[in-house]
Amino acid sequence: MRPGGLPRKGKKKTSRAALGLTVLRCNPDQIVSSTLVRAAQTAEIMRDTLSVESLPETSPYLRPDVPVKETVRWLAEQKVESIMLVGHMPDLSTLASVLISGNAEPRITMKKAAVCAISFSRTLPAEGKGRLEWLMQPRQLRSLADSKHGRSTGM
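Think of each chain on its own: its residues are numbered from 1, step by step along the sequence as written. Since the coordinates come from a predicted model, pLDDT governs what is reported: local features require at least 70, and pairs of side-chain atoms require 80 or more to be given and counted, while whole-chain, interface and lining totals use all residues. As a rule here, side-chain values come from all non-hydrogen atoms in the structure, and water together with hydrogens is ignored.

**Quick notes on the pattern of salt bridges**
- Salt bridge, as used here, is a side-chain nitrogen of Lys or Arg placed within 4 Å of a carboxyl oxygen of Asp or Glu. Inspection of every chain in the model, using the stated rule, returns 4 salt bridges.
- Where D146 meets R16, a salt bridge forms, and the shortest distance between an N and an O atom there is 2.6 Å. With D146 in helix α5 (residues 138–148) and R16 in helix α1 (residues 8–23), the pair connects residues that are 130 residues apart, well separated along the chain.
- A simple rule labels every residue: compare its accessible area, found with a 1.4 Å probe on the protein chains alone, to the largest value its type can have, and call it buried under 20%, exposed over 50%, or partly exposed in between. Of the residues examined, R16 reaches a relative accessible area of 16% and is grouped as buried. Labels follow the DSSP assignment, with helices taken as runs of H or I lasting at least four residues and strands as runs of E lasting at least two, numbered in each case from the N terminus.

**Topic: a positive patch on the surface**
- On the surface, a cluster of positive charge is contributed by K9, K13, K111 and R139.
- What makes K13 partly exposed here is its relative accessible area of 35%. Without a salt bridge and with relative accessible area above 30%, a residue can belong to a patch; like charges are then joined within 9 Å and nonpolar side chains (Val, Leu, Ile, Met, Phe, Trp, Tyr) within 5 Å. In these tables, accessible area is a Shrake-Rupley quantity obtained with a 1.4 Å probe, and a residue counts as shielded only by the protein chains included in the view. The convention is simple: Lys and Arg are positive, Asp and Glu are negative, and His and the chain ends are not counted. The location of each charge is read from NZ of Lys, CZ of Arg, CG of Asp or CD of Glu.

**Notes on the sheet that holds strand β1 (residues 30–33)**
- Judged by pairing direction, the sheet is parallel, and its 3 strands sit side by side in the order β2-β1-β3 without closing on themselves. For this open sheet the edge positions go to β2 (57–58) and β3 (83–86), each flanked by a neighbour on one side alone.
- Where β1 lies against β2, 2 bridges are found, and the strand directions are parallel. Bridge pairing in β2 links V32 to E57. The pairing criterion for strands is at least two bridges between them, as found by DSSP.

**Observations regarding the packing of α1 against helix α2 (residues 37–50)**
- Look at α1 against α2: their axes get within 9 Å of each other, and the N-to-C directions meet at 40 degrees. If you check the angle between α1 and α2, you find them oblique. Along this stretch, α1 crosses α2, giving a crossing that reads as right-handed. On α2, the residues that touch K11, T14, S15, A18, L19, L21 and T22 of α1 are Q41, T42, I45, M46, T49 and L50.
- In the scheme used here, Gly and all other residues not listed as nonpolar or charged are polar, with Ala, Val, Leu, Ile, Met, Phe, Trp, Tyr, Cys and Pro taken as nonpolar and Asp, Glu, Lys and Arg as charged. In terms of residue class, the contact of α1 with α2 is made up of 6 nonpolar, 6 polar and 1 charged. Only the contacting stretch of a helix is used when fitting its axis, a line to C-alpha atoms as for every element, and angles between N-to-C directions run 0 to 180 degrees. Angle categories: roughly parallel below 35 degrees, roughly antiparallel above 145, roughly perpendicular from 65 to 115, and oblique for all the rest. The hand of a helix crossing depends on one turn: near helix anticlockwise from the far one by less than a right angle means left-handed, and clockwise means right-handed. What makes two residues a contact is simply this: any of their non-hydrogen atoms within 4.5 Å.

**Quick word on unusual backbone geometry**
- Residue P90 follows M89 across a cis peptide bond; omega there is 5 degrees.
- Turning to its location among the elements, P90 is positioned in the loop between β3 and α4 (91–101).
- The phi dihedral of R25 is positive, around 60 degrees, even though this residue is not glycine.
- Residue position: R25 is located in the loop between α1 and β1.
- Located in the positive-phi region is D65, a residue other than glycine, with phi close to 75 degrees.
- Along the chain, D65 turns up in the loop between β2 and α3 (68–76).
- Residue D65 is classed as exposed on the basis of its relative accessible area, which comes to 70%.

**Focus: the packing of α1 against α5**
- Close contact between α1 and α5 brings their axes to 7 Å; oriented N to C, the two are set at 70 degrees. The orientation of α1 relative to α5 falls into the category roughly perpendicular. Two secondary-structure elements touch here, α1 through K13, R16, A17, L19, G20, L21, T22 and V23 and α5 through L141, R142, L144, A145, D146 and K148.
- Classifying every residue of the contact of α1 with α5 gives 7 nonpolar, 2 polar and 5 charged.

**Re the pairing of β3**
- Side chains M84 and V86 of β3 all project onto a buried face; the interleaved residues I83 and L85 project onto a face where none is buried.
- Judged from the 4 bridges that link them, β1 and β3 form a sheet pairing that is parallel. Considered in β3, the bridge of Q30 is made with I83.

Following this line, the structure appears as structure tokens:
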């Protein structure tokens, strides 16, 4: 394990959560992570499990403490239809809240390895323009994976 990297248990849990995303038929065009080690490792696990063709990219706009307005502006400049962002808490909860409600106060609880889908109808990503399609906590994702792959559902 590299310094600051995911521990073995974290990799295993993240892999099971990613398997849960296959049940939801999650297939992003691109995966972009923070430049920090744990996020980049999580992005690799997601890519491998979800069979995303392109390699994960990193973005400094997903690092902790980058102002959410800068991240929203960067997100609107992306040229793909669907993108998976891998970052840090509470920053991703705040970003999701801003995209959905326009309010930076986190109103969405997301644990480590939680995933949500936010869509935008006829508009680029912008504050308050997103619609929450779904939110899955890691325990729910692992349970989906376990039920699909015939494992016990010990969460």
